[in-house]
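Structural overview for review
Residue-level listing of the chains:
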Number of protein chains: 2
Amino acid sequence: MDIEKANALATERMMEARPVLVGLGKAIDVVPGMRENLLLHAGPPITWERASGPMKGAITGALIFEGKARDMDEARTLVESGQIELEPCHHHGAAGPMAGVICPSMSVYILENKTHGNRSYSNLNEGYGKVLRYGAYSEEVLNKLRWMEDVMAPVLARAIDDSGGVDIRALLAEALHMGDEGHNRNKAGSIVYTTRLAPSIARTAPDPETAAQVLKFLGDNALSVLNPVMAACKGMADAAHGVEGSTVVTIMARNGTDFGIRVSGLGDRWFTAPVATPQGLYFPGFTAEDASGDIGDSTITETAGIGGFAMASAPAIVTFVSGTPRDALNATLEMYEITAAEHKYFTMPPLDFRGTPTGIDIRKVVEKGITPRVNTGIAHKDPGVGQVGAGLVRPPMAMFEEALVAYAETYGL
Amino acid sequence: MDIEKANALATERMMEARPVLVGLGKAIDVVPGMRENLLLHAGPPITWERASGPMKGAITGALIFEGKARDMDEARTLVESGQIELEPCHHHGAAGPMAGVICPSMSVYILENKTHGNRSYSNLNEGYGKVLRYGAYSEEVLNKLRWMEDVMAPVLARAIDDSGGVDIRALLAEALHMGDEGHNRNKAGSIVYTTRLAPSIARTAPDPETAAQVLKFLGDNALSVLNPVMAACKGMADAAHGVEGSTVVTIMARNGTDFGIRVSGLGDRWFTAPVATPQGLYFPGFTAEDASGDIGDSTITETAGIGGFAMASAPAIVTFVSGTPRDALNATLEMYEITAAEHKYFTMPPLDFRGTPTGIDIRKVVEKGITPRVNTGIAHKDPGVGQVGAGLVRPPMAMFEEALVAYAETYGL
């Protein structure tokens, strides 16, 4: 087994994938395997019983949004009875930030990898604070989701068509030169995205005031592009999956209870371990006591070579995840120790345009005792509250060890 | 004479100035002292005879635009006969990039310094390549100017009103955290600007297609915000001018033939010397042989503490001005040697959020033998061609020496 060759192929596929945002549609209509009684969620598989507070809150909110429940009790009954099923976003080519709950009537971005043909999906970003993905589900949260679905989604769908598509790999390459790292700091990428769609929004919206509202919502939200970016990274990582003999990680994802990874050469098996709690900076009124365990599919960004791995490009991010610009630089430098490649298209000016560390190699993680760096938002541990801060976290080493043992067994080493 | 105290006051005024884009109007209607037979231009005073190629080209184009000349011969006759007069933008509270020609019927941005009340002005940015400010004046150039004036300007005027104004100091502070330095790299600032105005453009444009065209023009031009930024820097520098005893530079400007400076404590006297030629990278098909002498009022950015002085924040700029990210860092570090203050609002993440070097002190320039660093576009030396590259340049030391002698005479030192 030539592992180096397998990893070179896997990372080549990851980097050459070119996901383009090509459309927007209802999850029920476009996400493979989506069905009326299904909710998608972040991370590896989870049950109601074991679900974290923010995951329970987001499931409740999604079922209220679908008109299937009125409160958390009804939501729990539906899920525990099996009338509503839960499956990971990642089982359906999708990735969702934080709780990552995608329900049938929610609109999702559709990305197509123009190099290898695979499609990937994510929902619309709601902005900051009291939002479904952080487990909030008050009337205010639901009303915003309804506005996004009824008003914004049709405008975006037409604008994306009219624009001819948005190349998210190119957008990310640009944003990494503008102080973003693509996970927790998407400030530049979000306005590149807004600017790119703005002419089409103005041209195709039903009326000027609606165009203005959508442009304001997208432009004011420094995370507008996070979801297309996550779907793009999902498309890249999927392209790298299934390479015989490869030890490259193709999924890292958390559901608030378990962290899970998949490995290119190890098929669809999840390797999981309990999540850690992020360390970081808290919004006024909150402390580390309030933090939920690590949650979200957004670690697909680190999996694809950006996010925490590209922090050297985003020194200003330390103002909200803590640390100093030097720490940000060191985070990236450390990640070269555990990766198989340097990215061909994602380069970092502060490191003389060196490519980002790309393709986590489980062998190196275990051998060097270095786990991946992750930038993340922090959810309140209780359902219904929302975001309380942002910070840094590492996945548990146990998953990588377990994966390496499985690799040795699978390939008879 | 307490020079330190005077410089502290001058730089305090420069940094506390808060120029807000409040409107757009025809130069003839809003620029103080503008008149029908006047053209404003970049740099210190100049005659037709001594004017550089790009300056002659821009003057010709402006007079064709005004319907007063049909070609360069007619333009020369008008200027040499005195029927058309030339005066620096800086004599009218304005600043114009490259040739910086502003004619009476051209629209200008109006900025108001909310701290000290002074107003400042600049024209609209035309984008790259064959453009008036680089001395091009073909039918294509003129047609674009007419579209900008007839279609874009009214839309922008209404949008700025509708937006309630754009705080350019705040925008710059944000852009410096997104890889801009505010002079040659305004990529982030330009999309922040476009995003900020987009809802108002969509809301107030006469029809959706016009809104789309204006949004595309602004969003595709990585220098859209350069002119509001220059006007903002002019407003800041003007606020620092006229402080008794101050040795801080309040204007640096070039007309393609002469470089000129003014000093806060030395009234309205220009100190001038022949310009150098920028060193840099050239567009395909052009070489250093094609370069005009240094030209433009855009050095008002360095005067106010950004541009070449903030290069540490913009490592990616080296891809178009030459050098390495380390050079960019060193450029900023060197400028601390010749400045009086560190900016309170313009901070640079790569230098641990240190304030940009602000307020060039002519004493330090002469004493240390260090002239200011300037990032600049490079015009073709012949009229009618346009931009040929971008690079770095330094102003001549002789001006600073002359200013220092004048200072000693004025204050009897």
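Description of the overall build of chain A
- Across its full length, chain A carries 14 helices and 15 strands.
- Rg of the C-alpha trace for chain A: 20 Å, near the compact-globule value of 22 Å for 413 residues, within the 12% margin.
- Summarising its shape, the C-alpha atoms of chain A cover approximately 55 × 50 × 40 Å along the three principal directions.
- Taking all 413 residues of chain A together, the buried fraction comes to 62%.

Thoughts on the environment of F320 of chain A
Residues and elements named next belong to chain A.
- Considering the arrangement of structural elements, one finds F320 in helix α11 (residues 318–321).
- Spatially, the C-alpha atom of F320 lies 6.2 Å from that of L281, the residues being 39 residues apart in sequence.
- Not counting the four nearest positions on each side in its chain, F320 is found in contact with L281 and A390.

A few points about the interface of chain A and chain B
- The partner chain B presents 27 residues to the 27 residues of chain A that form the contact.
- It is helix α7 (residues 187–204) of chain A that provides the largest number of residues to the side of chain A that touches chain B, a total of 10 residues.
- Tallied by class, the residues present in the side of chain A that touches chain B amount to 16 nonpolar, six polar and five charged.

Focus: the packing of α7 of chain A against helix α8 (residues 208–220) of chain A
Residue and element names in this part refer to chain A.
- Closest axis-to-axis distance for the α7/α8 pair is 10 Å, and the angle between their directions is 170°. When the interaxial angle is binned, α7 and α8 end up roughly antiparallel. Across the interface between the two elements, I191, T194, A198, I201 and A202 of α7 pack against A211, V214, L215, L218 and G219 of α8.

Considering the sheet that holds strand β1 (residues 19–26) of chain B
All names here are of chain B.
- Spatially, β5-β4-β1-β6 is the arrangement adopted by the four strands of the open sheet, whose pairing is antiparallel. The open sheet is flanked by β5 (119–123) and β6 (166–167), the only strands paired with a single partner.
- For β1 and strand β4 (residues 107–113), the ladder comprises seven bridges, and the chain directions are antiparallel. Bridge pairing in β4 places V20 opposite E112.
- Sitting on the sheet, helix α5 (residues 139–163) is in contact with β1, β4 and β6, with an inclination near 140° to β1.
- Along the sheet, helix α9 (residues 226–240) makes contact with β1, β4 and β5, crossing β5 at roughly 150°.

Details of the relation of the copies chain A and chain B
- With an RMSD of 0.0 Å, chain A superimposes on chain B once it is rotated by 180° and translated 0.0 Å along the axis. The superposition of one copy onto the other is thereby described by a two-fold rotation axis. If distances are taken from each C-alpha of chain A to the rotation axis, the shortest is found for M178 of chain A, at 2.2 Å.

Some remarks on the environment of V385 of chain A
All names here are of chain A.
- Tracing the sequence through the fold places V385 in the loop between β14 (374–379) and β15 (387–393).
- Sequence spacing of V385 and V263 is 122 residues, and the spatial spacing of their C-alpha atoms is 34 Å.
- Excluding residues that lie within four positions of it along the chain, V385 makes contacts with G135, A136 and H380.

Quick notes on the domain arrangement of chain A
Residues and elements named next belong to chain A.
- Under the domain assignment, chain A is made up of domain 1 (20–229) and domain 2 (241–410).
- Put simply, the middle of domain 1 and the middle of domain 2, counted by C-alpha atoms, are 21 Å apart.
- At the level of secondary structure, the elements contributing two or more residues to the side of domain 1 that touches domain 2 comprise α3 (53–65) and α6 (168–175).
- Here the residues of the side of domain 1 that touches domain 2 are counted per class, giving 21 nonpolar, 17 polar and seven charged.

Observations regarding the sheet that holds strand β14 (residues 374–379) of chain B
Residue and element names in this part refer to chain B.
- Judged by pairing direction, the sheet is antiparallel, and its three strands sit side by side in the order β10-β15-β14 without closing on themselves. For this open sheet the edge positions go to β10 (279–282) and β14, each flanked by a neighbour on one side alone. Taken over all neighbouring pairs, the strand axes of this sheet differ in orientation by 25° on average, direction set aside.

Details of the nonpolar core
- Among the nonpolar cores identified, the biggest contains 284 residues, and V101, I201 and A403 of chain A together with V101, I201 and A403 of chain B are the most heavily contacted of them.
- The contacts of V101 of chain A, once residues within four sequence positions are left out, are L39, L40, H41, A58, I59, A62, G96 and L132 of chain A.

Let's talk about unusual backbone geometry
- Even without being glycine, F353 of chain A reaches a positive phi, approximately 65°.
- Mapped onto the secondary structure, F353 of chain A falls in the loop between β12 (339–348) and β13 (354–360).
- The exposure class assigned to F353 of chain A is partly exposed, which follows from the 15 C-beta atoms found within 10 Å.
- Of note, D352 of chain B is a non-glycine position whose phi angle comes to about 55°, a positive value.
- In this structure, D352 of chain B sits in the loop between β12 (339–348) and β13 (354–360).

Overview of helix α14 (residues 397–410) of chain B
Residues and elements named next belong to chain B.
- Between its first and last C-alpha atoms α14 spans 20 Å; for 14 residues at 1.5 Å apiece the expected length is 20 Å, and the two agree.
- The complete set of buried residues in α14 reads M399, F400, A403, L404 and Y407. Within α14, the buried residues cover an arc of 135° as seen down the axis, which keeps them to one side. Among the exposed residues of α14, those oriented more than 90 degrees off its buried face are V405, A408 and E409.

Cut-off values and rules
- Residues numbered from 1 in each chain as written.
- Chains lettered and ligands numbered in written order.
- Predicted model: local features only at pLDDT ≥ 70, side-chain atom pairs only at ≥ 80, totals over all residues.
- Helix = DSSP H or I, 4+ residues; strand = E, 2+ residues; numbered from the N terminus.
- Rg over C-alpha atoms; globule rule 2.2 N^0.38 Å.
- Buried ≥ 20, exposed ≤ 12 C-beta atoms within 10 Å, placed from the backbone.
- Contact = placed C-beta atoms within 7 Å.
- Nonpolar A, V, L, I, M, F, W, Y, C, P; charged D, E, K, R; others polar.
- Axes fitted to C-alpha atoms, helices over the stretch in contact; angles between N-to-C directions.
- Parallel < 35°, antiparallel > 145°, perpendicular 65-115°, else oblique.
- Pairing = 2+ DSSP bridges.
- Least-squares fit on C-alpha atoms with pLDDT ≥ 70 in both.
- Domains from an automatic or database assignment.
- Core = buried A, V, L, I, M, F, W, Y, C linked by C-beta atoms within 7 Å.
- Expected span 1.5 Å × (residues − 1).
- Arc of directions from axis to C-beta.

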